[in-house]
Amino acid sequence: MYKKLVILPVLIAILYLIGFIGNAFLFILLLNVSFLYLLYFITSETWSYLKTKSQAQKAVVFFLLFSLLVGWSSNHFLFPDKFHPISIAGNAGILLFALFLGWGIWKKSKKSLVVTGSVIFVLFIFILTVWKSVGQPQEKADPGLAIQSIPYLSYVVNDKQADKSGVIKIDTNRVCEGFNVYNSFRKPGAYLVDMTGTVLHKWLPKQSHPDWFYVTMAKNGDLLVGIRDIELLRLDWDSNVIWRNDIRCHHDIAIAENNDIYTLSRKDKIFFMYGIPVPILNDYLVMLSPEGKIKKEFSLYNILEYRLSFENIKSIYSWMLNPLNCIQIIKNKFETGFVLYHDIPFDVFHNNTVTIVDKDVDGFCKKGNILISSRDMNTVGIVDLESEKLIWSWGPRIINKQHHPTFLENGNILIFDNGRIKKQSRVIELDPIKEEIVWEYKDNPPEQFFTSSMGASQRLENGNTLITESAKGRVIEVTPDNEIVWEFLNPDKTEDGKRIVIYRMQRITDPENYPVLEEFNDVVPEK
């Protein structure tokens, strides 16, 4: 027994060593090997013990284990949170009752103990059920969320306007004129379209990975393309590749006044939390030169570490020790070269925005700070890159799975609040100093406007707001009074006729600052 037992601390020591080395793939594999060995050790020692006992003693042990299994399963069905105080008390009670029943069986002359114990056990489950009905434990998760959490569906489900495409509504007197840049999600190519939906220009290199995530146009007509987890790509106006950088780019790209490029990337990392090695898919704010060379990276873990909790560790370890998940990780390693990927517990931040603050706001933030959005923390925040600290944050318990916060001229912040739990999206304008919502757009009824993932909003020069409802492949422009004055449906379809979603549309309202757009001067009416 002791020779077998000494292997466990050796495995743990190796796990810590791999944690310091930082190899997430080896760590997860060895963790599963260690867990399987622990199960083998417990099983073999239990079996060795039982082989020396009588049939009656074996029956008591098996009955004890069976009672614990049934009791714990029932308790955690009623109380899904294993660390809820009532759930912990329930587990302790179940253990005592199981021991009580086992003793009753062992003492054959005291059969009444078995009856009494059984009655108390049933009564205990009944009390827990009643307790739940009066609202003590946490409520069960909405089963619909399992569907909503499927990440980044690339086509529209239940398209109620399948027969329509392009601009289907326009109020020429109230729209904010300009040019629109967008791409169809996970399809190569991007479009420049006018207010009638006419395609004025298209970018499409001869050879490109198909998984285009997000694009943004530079003032000289170059197009920056984020191909998720593959590369950041720069094309010229004629779709020639200027440069590529193979960082694991995702979600957003911003161009600074000096033409530096800011984007998001991620890496498989192991960090020590509460003294425990924990694999994390860490996000980075990345600053690149106009030529695509990385100038600096800022770790989101270093900035947001204090926001993580032991609950994150529990979720990550629970996920890693699922055999099916371990198989998926191995498959992912050999298919992509990466171990960890988005929308699983390792993705603790899931930052989806990098917005450059373009002016000082006295006592609040300064030019050059970065506005971020941590989706899985339901938090928007401002990062000071000089100190690498979060200097302001807002959102938990108010917004849910939000995207694309942007600064407005009045110092407020515009946020696309996905509202995944309520299944109701909205766009809000926040006064960040007072932390008050001063404007919002939502539909009537609210559930008609909903996208569980992605989504974007842009405040236009005339006070209207351009909103991308990604899940429907739909973009609308609304007035401050929430009236729709422009509506666009993505004409791009999959091979089987499904509308492709739009991650984000960008409206260019100052074409005079984009020399490449001079040839289209007659398209936009003079202001």
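In this text the structure is predicted, and so the values were computed from the model without any measurement.

Draft legend 1. Spotlight on a nonpolar patch on the surface. Side chains of F35, L36, L38, L39 and I42 sit close together on the surface and give an oily, nonpolar patch of about 420 Å² of accessible area. Along the polypeptide, I42 turns up in helix α3 (residues 24-51).

Draft legend 2. Quick look at the environment of F25. Secondary-structure assignment places F25 in helix α3. As a C-alpha pair, F25 and C326 span 301 residues in sequence and 9.8 Å in three-dimensional space.

Draft legend 3. Quick peek at unusual backbone geometry. Omega for the peptide link from N444 to P445 comes to 5 degrees, which places this bond in the cis form. Tracing the backbone shows P445 in the loop between β20 (436-441) and β21 (456-459). Even without being glycine, D343 reaches a positive phi, approximately 65 degrees. One can find D343 in the loop between α10 (323-336) and β13 (351-356). Given the relative accessible area of 22%, D343 is considered partly exposed. The backbone of H350 shows a phi angle near 50 degrees, a positive value even though the residue is not glycine. Position of H350 among the secondary structure elements: in the loop between α10 and β13.

Draft legend 4. Fine view of the pattern of salt bridges. This structure, assessed with the given rule, holds 29 salt bridges. One salt bridge connects R234 with D222, and the closest N-O pair in it is separated by 3.0 Å. Here the residue R234 occupies a position in strand β7 (residues 231-235), and D222 occupies one in the loop between β5 (212-217) and β6 (223-227), the gap between them amounting to 12 residues. In this pair, the class of R234 matches that of D222, namely buried. E440 is paired through a salt bridge with K442; the nearest N and O atoms lie 3.5 Å apart.

Conventions and cut-offs
- Residues numbered from 1 in each chain as written.
- Predicted model: local features only at pLDDT ≥ 70, side-chain atom pairs only at ≥ 80, totals over all residues.
- Heavy atoms only, no water.
- Patch = residues over 30% accessible without salt bridge, like charges linked within 9 Å, V, L, I, M, F, W, Y side chains within 5 Å.
- Areas by Shrake-Rupley, 256 points an atom, 1.4 Å probe, with all protein chains shown as cover.
- Salt bridge = Lys/Arg side-chain N within 4 Å of Asp/Glu carboxyl O.
- Helix = DSSP H or I, 4+ residues; strand = E, 2+ residues; numbered from the N terminus.
- Buried < 20%, exposed > 50% of the residue type's maximum accessible area, 1.4 Å probe, protein only.

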